[in-house]
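# Architecture at a glance
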Amino acid sequence: MTQGSTGGPAAHVPEETTVGIIGGGPAGLLLSRLLHRSGISSVVLESRDRSYAEQRQRAGMLEQTTVDVLRDCGAGARMDREGLVHDGIELRFDGRSQHIDFPTLAGGRRVTIYAQTEIVKDLISLQLSELSNGAPLLFDAEVHSVSGLTQGGEQATQETGSDSERPVLHYTYEGRRRTLRCDFVVGCDGSHGISRSALPASVARTYEREYPYSWLGILAEAPPSCDELIYAHSPRGFALHSMRSPSVSRLYLQVPNGTDPGEWPDERIWDELDARFALSDDQEWRINRGPITSKAVLPMRSSVTEPMRHGRLFLAGDAAHIVPPTGAKGLNLAVADVAVLARALDRYCTSGDTAALDSYSDDRLRRVWRAEHFSYFMTTTLHTSPDQSPFDTRLQLSQLDRIASSRAAATELAENYAGLALVD
Ligand code: FAD
Ligand code: PHB
């Protein structure tokens, strides 16, 4: 078994595979797992070491579909034991709170709180324990470039089955430059990866938007202050109450871009959270305080690169699209991408049928843009812009009031938040 430099002794470094996967985040690891279940060989090349990959603090909210995909591929056991199932979220604005009930509004769908760090740990341990023949997961293996891609993505259908040219991944591992010849390459290397740049400039198009605020995110050894996620609109800016377990809270505050976390001593964070979550005078509500174990500032961005396929190269997850975290869509989109792609690769490898591979980019982009819109909507409805006028604030409050008072408006939010089905 090859585990890479931090996972144990490296016995064998493969030189070819069916699917070369760049990046061992949730998208790359899950894709490899799904392909393994279909008997399709793959190799995951991850530039960071195992403990870094397992400890990067990120997402926490899983849609029903994400939960189902993890369960179906045998990666759901710990999630089912430790995940916290939620029936909805709370919107807090204008000193009042409104529960949005997902099972009622979104056809019985629920969401689960289970940290991305734990999903990554579960997938890594499954991959390293079950695959003994081959070398599916290499840590400290940085991919520099992809060569041998077909030119002219529009002819990709015909190219898919041809043996003429196979893509090659060029990477460094254990101090040596190496190559991996693949039938297909999937870029799961996140927003700072290299796979996007392998799309020729003549076909690639990126659509982007920066937001004029960031999140200060903390983890605290404090029991969650209530059972639900709370999305708070306040005159002082946005705040989010989330959690990781019955004893750990995950909390976020809107802060200006460029904020240094050092400007936010613990007491200031707790006081600000209390101020932003405050309800009107007659309702006392306080956040549970405890030792803060992690503090970081996260900028917010929307971005989509099209197409998500060029010849034998496919993009999945943050490598193709970024959303601001307010809608909790990033990880869920990444899981949906690879679930759809794994099915398409299985169909091709089983029967030679390229139809699902050919429609991957268009099908996914439709869903990606829906999630982009929802994330933009949640972000701009709940945050306060630096140049916000009282008129803008009134519009936001009117929109929130509409969601609180109209079943149709609440249903639109619930369906998007709890997640749409993988395919129509
Ligand atoms: P990544 O997790 O970025 O993984 C990419 C991997 O590729 C990394 O391990 C990287 O080291 C590796 N890599 C990069 N370049 C190379 C290279 N050249 N060679 C080899 N390897 C390479 N999403 C949700 O759905 N729900 C949420 O509640 C949520 N909350 C969030 C909260 C925060 C604060 C943030 C920042 C994000 C949140 N997200 C959420 C988004 C979610 O975390 C991402 O969308 C998710 O990590 C995407 O997974 P990925 O595998 O595509 O990319
Ligand atoms: C989280 O728990 O980290 C989380 C939850 C919901 C979001 C963003 C982050 O919208």
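To start, this report covers the structure provided alongside it. Just so you know, these numbers come straight off a predicted model, no measurement behind them. (Residues numbered from 1 in each chain as written. Chains lettered and ligands numbered in written order. Predicted model: local features only at pLDDT ≥ 70, side-chain atom pairs only at ≥ 80, totals over all residues. Heavy atoms only, no water.)

Taken together, 13 residues form the shell around ligand 2, and within it Tyr231, Ser242, Arg244, Tyr252 and Pro325 come nearest. In the model, an oxygen atom of ligand 2 is placed 2.6 Å from a nitrogen or oxygen of the Ser242 side chain. Take Tyr252: an N or O atom from its side chain is 2.6 Å from an oxygen atom of ligand 2. Within the complex, 97% of the 280 Å² of free accessible area of ligand 2 lies under protein. For the shell around ligand 2, the secondary structure elements donating two or more residues are strand 13 (229–232), strand 14 (239–245) and strand 15 (248–256). The element that contributes the greatest number of residues to the shell around ligand 2 is strand 14, accounting for three residues. (Near = heavy atom within 4 Å. Polar contact = N/O pair within 3.5 Å; in protein donor to acceptor, adjacent residues only side chain to side chain. Areas by Shrake-Rupley, 256 points an atom, 1.4 Å probe, with all protein chains shown as cover. Helix = DSSP H or I, 4+ residues; strand = E, 2+ residues; numbered from the N terminus.)

The topology assignment puts Leu331 in helix 9 (residues 330–351). Judged by its relative accessible area of 7%, Leu331 is buried. Between the C-alpha atom of Leu331 and that of Gly317, which follows or precedes it by 14 residues, the distance is 7.4 Å. Every residue in contact with Leu331, bar those within four places of it in the chain, is listed here: Pro26, Ala59, Leu62, Gln116 and Ile119. (Buried < 20%, exposed > 50% of the residue type's maximum accessible area, 1.4 Å probe, protein only. Contact = heavy atoms within 4.5 Å.)

Within this structure, the stated rule accounts for 26 salt bridges. A salt bridge links Arg110 to Asp87; the shortest N-O distance between them is 2.6 Å. Here Asp87 lies in the loop between strand 4 (84–86) and strand 5 (88–93) and Arg110 lies in the loop between helix 5 (102–105) and strand 7 (111–113), a separation of 23 residues in the sequence. For Asp87, a relative accessible area of 32% gives the class partly exposed. Across the salt bridge formed by Glu284 and Arg286, the nearest N and O atoms sit 3.8 Å from each other. (Salt bridge = Lys/Arg side-chain N within 4 Å of Asp/Glu carboxyl O.)

Here the focus is the packing of aromatic side chains. Using the criterion set out here, one finds twelve aromatic pairs in the structure. Relative to Tyr417, the ring of Tyr231 lies with its centre 5.9 Å away and its plane at 85°, an arrangement referred to as edge-to-face. Pair noted here: Tyr231 is in strand 13 and Tyr417 is in helix 12 (residues 407–418), with a separation of 186 residues, a long-range link. Each member of the pair, Tyr231 as well as Tyr417, is classed as buried. Ring geometry for Phe374 and Tyr417: centres 6.4 Å apart, planes at 85°, overall edge-to-face. In this pair, Phe374 sits in helix 10 (residues 355–382) while Tyr417 sits in helix 12, placing the two residues 43 residues apart along the sequence. Taken as a pair, Phe374 and Tyr417 share a single burial class, namely buried. Put simply, the rings of Phe102, Trp215, Tyr231, Phe238, Tyr252, Phe374 and Tyr417 pair up and form one aromatic cluster. (Phe/Tyr/Trp six-rings, centres within 6.5 Å; stacked < 30°, edge-to-face > 60°.)

For ligand 1, the set of nearby residues contains 34 residues, the closest of which are Glu46, Arg56, Arg58, Asp318 and Leu331. Taking Glu46, its side chain carries an N or O atom lying 2.6 Å from an oxygen atom of ligand 1. One nitrogen or oxygen atom from the main chain of Gly330 is found 3.2 Å from a nitrogen atom belonging to ligand 1. Relative to its free-state accessible area of 1,000 Å², ligand 1 is covered by the protein chains to the extent of 90%. Only helix 1 (26–37), strand 9 (142–147) and helix 9 provide two or more residues apiece to the shell around ligand 1. Here the shell around ligand 1 gets four residues from one element, more than from any other, and that element is helix 9. Of the residues belonging to the shell around ligand 1, the class tally is 16 nonpolar, ten polar and eight charged. (Nonpolar A, V, L, I, M, F, W, Y, C, P; charged D, E, K, R; others polar.)

Reading across from one edge, 6-5-13-14-15-12-16-19 is the order of the eight strands in this open sheet, with mixed pairing throughout. Each of the sheet's edge strands pairs with one partner strand only, and the pair in question is strand 6 (96–101) and strand 19 (321–322). Contacts between helix 10 and the sheet are confined to strand 12 (205–220), strand 13, strand 16 (292–306) and strand 19, with strand 16 contributing the most and set at about 130° to the helix. (Pairing = 2+ DSSP bridges. Axes fitted to C-alpha atoms, helices over the stretch in contact; angles between N-to-C directions.)

Take the packing of helix 11 (residues 390–405) against helix 12 next. One can describe the packing of helix 11 onto helix 12 by two numbers: an axis separation of 5 Å at closest approach and a directional angle of 100°. What the angle tells us is that helix 11 and helix 12 run roughly perpendicular. Here Arg402, Ile403 and Ser405 of helix 11 come into contact with helix 12, specifically with Arg407, Ala409, Ala410 and Leu413. Of the residues assigned to the contact of helix 11 with helix 12, the class counts are four nonpolar, one polar and two charged. (Parallel < 35°, antiparallel > 145°, perpendicular 65-115°, else oblique.)

What follows deals with the environment of His86. Along the chain, His86 falls in strand 4. His86 sits in the buried class, given a relative accessible area of 6%. Taking the C-alpha atoms as reference points, His86 and Arg301, separated by 215 residues in sequence, lie 27 Å from one another. Separated by 3.2 Å, the side chain of His86 and the backbone oxygen of Asp227 make a polar contact.

We now examine helix 1. Here helix 1 contains twelve residues, and its C-alpha end-to-end distance of 16 Å stays within 8% of the 16 Å for a straight helix at 1.5 Å per residue. Inspection of helix 1 places Pro26, Ala27, Gly28, Leu29, Leu30, Leu31, Ser32, Arg33, Leu34 and Leu35 among the buried residues, and these make up the whole buried set. Once helix 1 finishes, Gly39 follows within two positions and takes phi at roughly 75°, a positive value. (Expected span 1.5 Å × (residues − 1).)

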